[in-house]
Amino acid sequence: GQQVMQIPQYQHVQEGEDFTTYCNSSTTLSNIQWYKQRPGGHPVFLIQLVKSGEVKKQKRLTFQFGEAKKNSSLHITATQTTDVGTYFCAGLSRQEYGNKLVFGAGTILRVKS
Amino acid sequence: DSGVTQTPKHLITATGQRVTLRCSPRSGDLSVYWYQQSLDQGLQFLIQYYNGEERAKGNILERFSAQQFPDLHSELNLSSLELGDSALYFCASSAFEGYTEAFFGQGTRLTVV
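A short tour of the structure in this document, coming up. Just so you know, these numbers come straight off a predicted model, no measurement behind them.

## Overview of the overall build of chain A
Counting its secondary structure elements, chain A contains zero helices and eleven strands. When the helices and strands of chain A are read in sequence order from the N terminus, they spell out β-β-β-β-β-β-β-β-β-β-β. For chain A, the C-alpha radius of gyration of 14 Å lies close to 13 Å, the compact-globule estimate for 113 residues. Counting only C-alpha atoms, chain A reaches 50 × 30 × 20 Å along its principal axes. Counting across all 113 residues of chain A, residues that qualify as buried make up 53%.

## A short note on the packing of aromatic side chains
Evaluated as defined, the whole model comprises 13 aromatic pairs over all chains. An angle of 45° between the planes, with centres 5.9 Å apart, marks the rings of F19 of chain A and Y87 of chain A as tilted. In this pair, F19 of chain A sits in strand β3 (residues 19-25) while Y87 of chain A sits in strand β9 (residues 85-94), placing the two residues 68 residues apart along the sequence. Three or more aromatic residues joined by ring pairs form one cluster here, namely Y35, F45, F88 and F103 of chain A together with Y33, Y35, F45, F90 and F104 of chain B. When the ring centre of F103 of chain B is taken as reference, the NZ or CZ atom of R26 of chain B above it lies at 3.7 Å.

## Brief notes about the sheet that holds strand β7 (residues 61-65) of chain A
All names here are of chain A. Spatial strand order, β1-β3-β8-β7-β6: five strands in an open sheet with antiparallel pairing. Edge positions in the open sheet fall to β1 (4-7) and β6 (55-58), since each of these has one partner strand only. Strand-to-strand twist in this sheet, taken as the mean axis angle between neighbours without regard to direction, amounts to 15°. One ladder, built from five bridges, connects β7 with strand β8 (residues 71-76); its direction is antiparallel. The partner of L61 across the bridge, within β8, is I76.

## Examining the pairing of strand β10 (residues 99-103) of chain A
Residue and element names in this part refer to chain A. Along β10, five of the five residues are buried, which leaves the element largely enclosed by surrounding structure. Neither face of β10 is left uncovered, since the one carrying N99, L101 and F103 and the one carrying K100 and V102 both have all their residues buried. In the sheet, β9 pairs with β10 via five bridges, with the strands oriented antiparallel. From the neighbouring strand, R94 faces β10, where its bridge partner is N99.

## Focus on the sheet that holds strand β3 (residues 19-24) of chain B
All names here are of chain B. Taken in spatial order, the four strands of this open sheet run β1-β3-β8-β7, and their pairing is antiparallel. With partners counted over all chains shown, the strands left at the sheet margins are β1 (5-7) and β7 (64-68), one partner each. The average angle at which neighbouring strand axes cross in this sheet is 15°, direction not considered. Taken together, the five bridges between β7 and strand β8 (residues 74-78) define a ladder with antiparallel strand orientation. Across the sheet, residue Q68 finds its bridge partner in β8, namely S74.

## Considering the environment of K69 of chain A
Residue and element names in this part refer to chain A. Positionally, K69 belongs in the loop between β7 and β8. For the pair K69 and K112, spaced 43 residues apart in the sequence, the C-alpha separation amounts to 34 Å. Those residues in contact with K69, other than ones at most four positions away along the chain, are T27, T28, L29, S30, V50 and S52. Within the structure, the side chain of K69 is placed 3.4 Å from the backbone oxygen of S30, a separation counted as a polar contact.

## Looking at the pattern of salt bridges
Residues and elements named next belong to chain B. Scanning the model with the defined rule gives six salt bridges over all chains in all. Where E82 meets R63, a salt bridge forms, and the shortest distance between an N and an O atom there is 3.7 Å. Of this pair, E82 sits in the loop between β8 and β9 (87-94) while R63 sits in the loop between β6 (53-57) and β7, placing them 19 residues apart in sequence. Because the salt bridges share partners, they merge into one network encompassing R63, E82 and D85.

## Some remarks on the interface of chain A and chain B
Contact residues are listed per partner, giving 22 residues for chain A and 22 residues for chain B. Regarding the contact of chain A and chain B, the summed buried area is about 1,800 Å², with carbon and sulfur atoms giving 52% of it. At the boundary of chain A with chain B, the tally comes to zero salt bridges. The tally of links from chain A across to chain B stands at four residue pairs in polar contact (both at pLDDT 80 or more).

Rules used throughout
- Residues numbered from 1 in each chain as written.
- Chains lettered and ligands numbered in written order.
- Predicted model: local features only at pLDDT ≥ 70, side-chain atom pairs only at ≥ 80, totals over all residues.
- Heavy atoms only, no water.
- Helix = DSSP H or I, 4+ residues; strand = E, 2+ residues; numbered from the N terminus.
- Rg over C-alpha atoms; globule rule 2.2 N^0.38 Å.
- Buried < 20%, exposed > 50% of the residue type's maximum accessible area, 1.4 Å probe, protein only.
- Phe/Tyr/Trp six-rings, centres within 6.5 Å; stacked < 30°, edge-to-face > 60°.
- Lys NZ or Arg CZ within 6 Å of the ring centre and 35° of its normal.
- Pairing = 2+ DSSP bridges.
- Axes fitted to C-alpha atoms, helices over the stretch in contact; angles between N-to-C directions.
- Contact = heavy atoms within 4.5 Å.
- Polar contact = N/O pair within 3.5 Å; in protein donor to acceptor, adjacent residues only side chain to side chain.
- Salt bridge = Lys/Arg side-chain N within 4 Å of Asp/Glu carboxyl O.
- Buried area = accessible area lost by both parts, 1.4 Å probe.

Pasting the structure below:
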């Protein structure tokens, strides 16, 4: 079945350093979504990418969707302690009778001040 | 507040028992997804419903079943519980089968003892 692989599993950075997490799908995706889960919380939607090669920015966060629509990345510039949490990508693929939103395992980000 | 309501928030039960987790989606959302999150793990897709019909299945055990009712609320039934079923179970809803963002509930923390 469809798999969405996400690396790295963990990342510890010093406050002010950059951070990147990568997401790869075994199949072509209709779209890719990114979510953030704070410790003890639930995943919260960050952004959705739909077009091949799309790049979107949210302040210090930059999201990219690959040309083949099978990979994506999230880059955070100059991390802050408020960035702590788990970042999930979620790929939407068409199934025979509906669409399936499959999440990657997530990247846990810890920021040392 | 995401608008997705899950009950109960916490559940402690013994091995071999059966439990039912309930999810009320956001008003107007037709899609409901169920995910399992074990300790420090990613989100495992279990099953998706759209307007009362099952649309996609993930790695859901045969001991688990779900349904979506005419009022669009959904229930996840877990039977013959094992220690390994202890996890956080999230429900999420979206308007258009994954083409828009998914909103997550606070989750149900299931502990099997």
